[in-house]
Amino acid sequence: MNRFKILFLLLVTYSCSPIYVTYDYDKAIDFSNYKTYNYFSDMEPGLSELDTKRLLDALDLQMKEKGFELSNTPDFFIDIKSSEFQGVQRETVGVGIGGTGRNVGGGISIGLPIGQANVNRQITIDFVDENKKQLFWQAVSESSFNPNATPEKREAKLNAIVEKVLTKYPPKNR
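Since this is a predicted model, take the numbers as computed values, not measurements.

The rules behind these values
Residues numbered from 1 in each chain as written. Predicted model: local features only at pLDDT ≥ 70, side-chain atom pairs only at ≥ 80, totals over all residues. Heavy atoms only, no water. Helix = DSSP H or I, 4+ residues; strand = E, 2+ residues; numbered from the N terminus. Buried < 20%, exposed > 50% of the residue type's maximum accessible area, 1.4 Å probe, protein only. Contact = heavy atoms within 4.5 Å. Expected span 1.5 Å × (residues − 1). Core = buried A, V, L, I, M, F, W, Y, C linked by side-chain atoms within 4.5 Å.

Asks: When you look at the overall build of the protein chain in this model, what are you seeing that I'm missing?
Replies: Looking only at helices and strands, the protein chain features 3 helices and 8 strands. Put simply, the protein chain runs from its N terminus to its C terminus through helices and strands in the order α-β-β-α-β-β-β-β-β-β-α. With 174 residues in all, the protein chain has 37% of them scored as buried. Considering only intrachain contacts with a sequence separation of at least 6, the fraction spanning at least 24 residues in the protein chain is 73%.

Asks: Please explain helix α2 (residues 49-65) as it appears in this structure.
Replies: Residues three or four positions apart in an α-helix share a direction because the helix packs 3.6 residues into each turn. Taking 1.5 Å per residue as the helical rise, α2 with its 17 residues ought to reach 24 Å, and the 24 Å between its terminal C-alpha atoms agrees with that figure. Those residues of α2 that fall on the buried side of the exposure criterion are D51, T52, R54, L55, L56, A58, L59, Q62 and M63. On its buried face, α2 is in contact with β2 (36-39), β4 (76-86), β7 (119-129) and α3 (151-165). Count one or two residues on from α2 and you reach G67, which has phi positive near 95 degrees.

Asks: Explain the side chain of S143 here, please?
Replies: Summarising the element assignment, S143 is placed in strand β8 (residues 134-144). Aside from chain neighbours lying at most four places away, what touches S143 is P18, I19, V119, N120, R121, K157 and I161.

Asks: I would appreciate a short explanation of the nonpolar core in the present structure.
Replies: Ranked by internal contacts, the top residues of the largest apolar core, which has 31 residues, are F76, F127 and Y169. Those elements that provide at least two residues to this core are β1 (19-25), β2, α2, β4, β7, β8 and α3. When neighbours within four sequence positions are excluded, F76 is seen to be in contact with Y34, T36, Y37, N38, M63, F68, F127, V128, D129, E130, F136 and Y169.

See the structure below:
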């Protein structure tokens, strides 16, 4: 039942605000060589401690479902970085004044913002080969972020982000 609630929250959150993800990877890499992973010990994800735990739990769950194992001697390391930024204010009201008469005209117009700009969060997830010390896969997600969201909504949002990010790992076409 608890899993159903999480899935429902995930779908509601996922459908309400889009999550955009871009991917990049090294085409020369044989992804079947990677079976175990861990996180960089000096990772600074840029999230609160609780959100970091939620994100790592979601990553661990998705990686386990894909057949990867968390290990102290991993094949690759995961690095996470995030940043928050304000989206472009798109809703404005135009106010203008003008005058005309006897072939003379003039005018002034300004746009006044309505409401607040959206806060967005960008999360970058890097997979780095432990032996070669090189990045071999990267996903960058961007989505809206509500800093006042409840813990349940935050967890659902982070689960949705991780699920979408890992849908294309490992890459199918080489």
